[in-house]
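Now for the letters of each chain:
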Amino acid sequence: MEITKYFKLLLKNKYLLVLIPLAAVVITYFLVQNLPDVYKSNAQISAGLVDRTQNIINARDELSDQAVNQQFSNMLSIMEQSSVLNMVTYRLLRHDLGNPVPFRKIPEKFDFPGKKRLELMDVIDRLYERPSDLKDIKASADYKVLTEFAEVMKYDVKSLRSKLEKFRIQNSDYINIEFTSENAQLSAFVANAVAEEFTRYYNSLLKDSQNNSADFLGDLVKQRRFELDSLTRLLRDYKIQKGILNLADQSKTLNGQIADYESLREANRKSVVSSAGAVSKIDQKFNPKTLGYYESSIYGLNQQIVNDQQQIDLLTRQYVESGFKTNIKKQIDSVKKHLEGLVTAASENYPYNPLVAKSDLIGKKLQLQVEGDKSFYSTESINEELERLNRKFTGLVPHEAVIQSYENDIMIAGQAYLDALNKYNQVNLQNKTATKVRLVEPASPNKAEPSKKVLYIVFSGVVSLFFCLLVLFIIFLLDNTIRTPLELQRATKLPVLGSFSRISDPSLDIQQVWEGNTTSSEALSFKNALRAFRFEALNAMVPPSKIMYITSMMPNEGKTLISLSVAYAYLRTGLKVLLIDGNFSHSSITKKLGLTDYIEDYLNKEKYIDYDNIKYGKPLLKILGNQGNDESLYEVAPKTSIDEVFAKFQEVFDLIIIESGPLVKKNEAKEWYHIGGTVVAVFQADQSIDSKKEQMIEYYRSLGNNFGGWIMTKVKAKS
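Residue positions are given per chain, counted from 1 along the sequence in the order it is written. Selection of residues for local features in this predicted model requires a pLDDT of at least 70, selection of side-chain atom pairs for listing and counting requires 80 or more, and totals for whole chains, interfaces and linings are taken over all residues. In computing side-chain values, all of the structure's heavy atoms are included and hydrogens and water are not.

*Asks:* Which residues make up the pattern of salt bridges, and what values go with them?
*Replies:* Salt bridges, as used here, are contacts in which a Lys or Arg side-chain nitrogen is within 4 Å of a carboxyl oxygen on Asp or Glu. If you walk through the whole model with that rule in mind, you get 22 salt bridges. Asp125 is the partner of Arg94 in a salt bridge, and the nearest nitrogen-oxygen pair spans 2.8 Å. Taken together, the positions of Arg94 in helix α4 (residues 82–98) and Asp125 in helix α5 (residues 114–129) put the pair 31 residues apart, joining distant regions of the chain. Only protein chains enter the calculation, and the probe is 1.4 Å; a residue is then buried if its accessible area is under 20% of its type maximum, exposed if over 50%, and partly exposed in between. Here Arg94 falls in the partly exposed class, since its relative accessible area comes to 31%. Judged by relative accessible area, which is 23%, Asp125 ranks as partly exposed. The partner of Lys639 in a salt bridge is Asp643, with the nearest N and O atoms 2.9 Å apart. Linking Lys639 with Asp643, this pair stays in helix α24 (residues 639–652), spanning four residues, or about one helical turn. Residues joined in a network through salt bridges with shared partners are Arg91, Glu196, Glu197 and Arg200. Helix and strand labels come from DSSP, where a helix needs a run of H or I of at least four residues and a strand needs a run of E of at least two; each type is numbered from the N terminus.

*Asks:* Quick rundown of the sheet that holds strand β9 (residues 655–659)? Include the residues and the values.
*Replies:* Strand pairing follows a simple DSSP-based rule, namely that at least 2 bridges must link the two strands. Ordered in space as β5-β11-β10-β6-β9-β7-β8, the seven strands form an open sheet in which the pairing is parallel. The open sheet is flanked by β5 (496–501) and β8 (621–624), the only strands paired with a single partner. Ignoring strand direction, the axes of neighbouring strands in this sheet form an average angle of 20 degrees. Pairing of strand β6 (residues 547–552) with β9, which is carried by four bridges, proceeds in the parallel orientation. Bridge pairing in β9 places Ile550 opposite Glu659. Working convention: axes come from line fits to C-alpha atoms, limited for helices to the stretch in contact. Angles between N-to-C directions cover 0 to 180 degrees.

*Asks:* Describe in detail unusual backbone geometry, supporting the description with residues and values.
*Replies:* Looking along the chain, the bond that leaves Pro543 and enters Pro544 is cis, with omega of 5 degrees. Within the secondary structure layout, Pro544 lies in the loop between α18 (521–540) and β6. In this model, Lys605 sits at a positive phi of 60 degrees, which is unusual for a non-glycine residue. Within the element layout of this structure, Lys605 appears in the loop between α21 (599–603) and α22 (611–615). Positive phi outside glycine occurs at Lys714, with the angle close to 55 degrees. Assignment of secondary structure puts Lys714 in strand β11 (residues 707–715).

*Asks:* Give me helix α7 (residues 141–152): which residues, what numbers.
*Replies:* Here α7 is 12 residues long and its end C-alpha atoms lie 17 Å apart, about the 16 Å a rise of 1.5 Å per residue gives. Every buried residue of α7 is listed here: Asp142, Tyr143, Leu146, Phe149 and Ala150. The arc enclosing the buried residues of α7, seen along the axis, measures out at 125 degrees, which places them on a common side. Of the exposed residues in α7, those oriented more than 90 degrees away from the buried face are Ala141 and Lys144. Where the residues of α7 are buried, they touch α4, α5 and α6 (134–137). Count one or two residues on from α7 and you reach Lys154, which has phi positive near 60 degrees. The span you would expect from a helix comes to 1.5 Å times its residue count less one. Directions from the helix axis toward the C-beta atoms define the arc. By definition, residues are in contact when any of their heavy atoms lie within 4.5 Å.

*Asks:* Just give me the short version of the pairing of β9, but keep the residues and values in it.
*Replies:* Within a regular strand, side chains alternate between the sheet's two faces. Buried residues dominate β9, accounting for five of its five residues. Side chains Leu655, Ile657 and Glu659 project from β9 onto one buried face, and the interleaved Ile656 and Ile658 project onto a second face that is buried too.

*Asks:* Mind laying out the confidence of the model for the chain, listing which residues take part and the relevant values?
*Replies:* Within a predicted model, pLDDT stands for the predictor's per-residue confidence, ranging from 0 to 100. Per-chain confidence: the chain averages 81 in pLDDT, with 86% of residues scoring 70 or above. Mean pLDDT across the elements of the chain bottoms out in helix α11 (residues 288–297) (53) and peaks in β9 (94). In this model residues 351–357 is a low-confidence stretch, pLDDT under 50, and it forms six contacts with partners more than four residues away in sequence or in other chains.

As C-alpha cells, then:
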C-alpha cells in the first residue's frame, strides 16, 4: 500500500517528471555544442621494483606484495607533488613563451613583447635549474606575472592534477601516465614532461637517500674502528705496565713448573723414606765389634765422603735457585762421580775379617745414605721454589680478570665494527648496482577521443529524472498526511466507523437528500455514507446508554453537518432522536437553525419534556440549542440535576446525539463524557498528527469501549 501511494504521487506529478528532464536535455544539448575535442596521450615508466633483470646482485632480495604496493603508492603520490608538477609548469610556460606556435592561445594581456619575454624566460630557466632560488624570486614582480600567466593558461599545478591520471598497470613493474587536453601535442608534451620530471626527481631522492646512508654508515665505521683501537691500546698499555707478555702462556708455563716441582718433591720424599728403611735393615746385620773394626780402617775415606755429600747438597740448592743452569749441573755430576769413586775405594779398602762377606752391604749402606741425604736436603729448596711459583701464579689472577674484561670489550667492539663495515659495503654495492626509475615508452600525439556529447545529453536527462524521483521520494517519506480511513486507522490504532467525501455544493439540503428530491452523485454518495455509519455506530454503542457524543480534536472539522445528518439518518429508521448542541463556546447548530429551545432551561428545570406525547407518539427529531454563553456543562447546572434530566431523556428518546466541543478544550468536552455514552470523533482528511493530537488520541484510547470510533470527513472521492 505504501508503494502504491508513492506511485500515486508520481502520477500526480507526471508532467513535472517529463518537463524537468526534457529541459535538462535541451540545455545540455546547447551547452555541449561548443565542447572541444579531447586528446589523450600515455607514457610508461619502469619502477624497477618487480622487474629485477637490471639488478643481478640484488635479484634474491624479493619484496612482499604489501611492500611493493606501498612503494608504488608512494611513487604515485610523489608524481603529483608540487615539486614535480612545478617543473612541468615551467617547461610549458617556457614552450609557449619561446615558441611561435604555443599549445594554447595566449591572452592579449600576456602577449608580452620580445624583451619582456626574454626576461620571463630567464626567470623560468632559473627556477627550473635551481629550484632553491624560489624564495628569492617569489617576491619579484616577474614571478607574480608568471603565476598569473600559468593560472590563465591552465598550466598551474591544480589544473594539471585535474587532467592527469596515473596508475600501476595491473601487477606489473610499469606505471602509466595519462594526460587529457584539447591539443594532441599538449597531451603528449605534458605526459612526457611528467614522466621525465618524476624520473629525475625520484632518482635524485633515491640517490640522496643512498648517499646519506653511505655517509652515515661511513662515519659509523670510523667511530667503531676508533672504539676498537682505543680498547686495544688500553689492553696493550696494561700488559706493558704489568709486565705481561702473554697471560695464557705465562699461566701455562707456571702451571707446568709447579707440577714438575711437586713431582720432584714427591720423588725426594719417597727416596728419603726408602733410603732410611734400607740403611736401618743393613745396620741390623752388623754387630758392634765388626762395625768398630771396619770404621777404624776406613775413617779417612768416610770423612771425604761426608765432604762430597755436603758439597753435592750445596750445589743442588744452587742448581734449583738458578733455574736449573747447565754449568751447575755439570759440577754436581763431577762431584757425584768423585763420591762414587770414594765409595768404591771404601768398599775395597778394608782389613781381612771373617765378616768380609758383609762388605758389600757396607758399600750399599753408604750409597743409600748418600742418596737419602741428597733427597732430604734438596726437598727444602724445592718447597721454597714452589712457594715462589705459587705467589707468582696468584699474582696473575687479578690481571686475568682485568684482561678478560678488556678482551670482552674488544670482542664486542670488533663485532660492532664488522657489522657496520658489512652494512657500509652492502650500501655502497647497492648504490653502484641499484635499479633506477626510467622512461620506457614516451607519449606520442594520438587521435581525438570519441565524442561524449551524446553521453552528456543522455546523462543530464537521466540525472535530472533521478533527481526528481529522489525529491518526490523524500517528500513521500516526510509526508505523514492522513488522506484515507485506512491510514487513519493505522495511525491511531482506533476503528473508523465511516467516511464522507468532500461536498462541493454548499446548498446541499439534508432533508431533501433523504426525501429523494436530489439525484446528484455527491448527494447519493453522502446518503450511502450516512447509512453505513448509522449501522456501524449502533453496533459500537455500549448499552444501556443511548447517548452518542459527536466531537473532534480540533474546531472546524465538520461536526455540525455530521451531527445534523446523523440525526436525520436515525430518524429515517423510526427512532425518536434528540439532538443537543452541547458546544457552548461555538453553538453552530443553534445559529444555523435559529433555535430558541435551549438545553440550559431543561437542566435548570425551567422547562420539561412532554413525556407522554413523545414517548407514545410518532418518530420525531427534537433539537435543543444552547444560549452560547461560553460556559461548561457543570457551570450550567449541578451534576445531580444533569444526571436526573438525562435519565429522563433516555426514558423518552431512543437515541440522544450531543455535539460537544473539540477536545482541545478538554474540560468542556470531558464534562459531557462523564454522563456516560459512546464518543465518536470527527477527523478531517488531509491533515497530519502532531504531538498535541497524539496526546488527544491517547485520551480516546483510554476511554476503552466508550470510544466508538472515527468519522472521517472531506475525503477525496478516489480515496
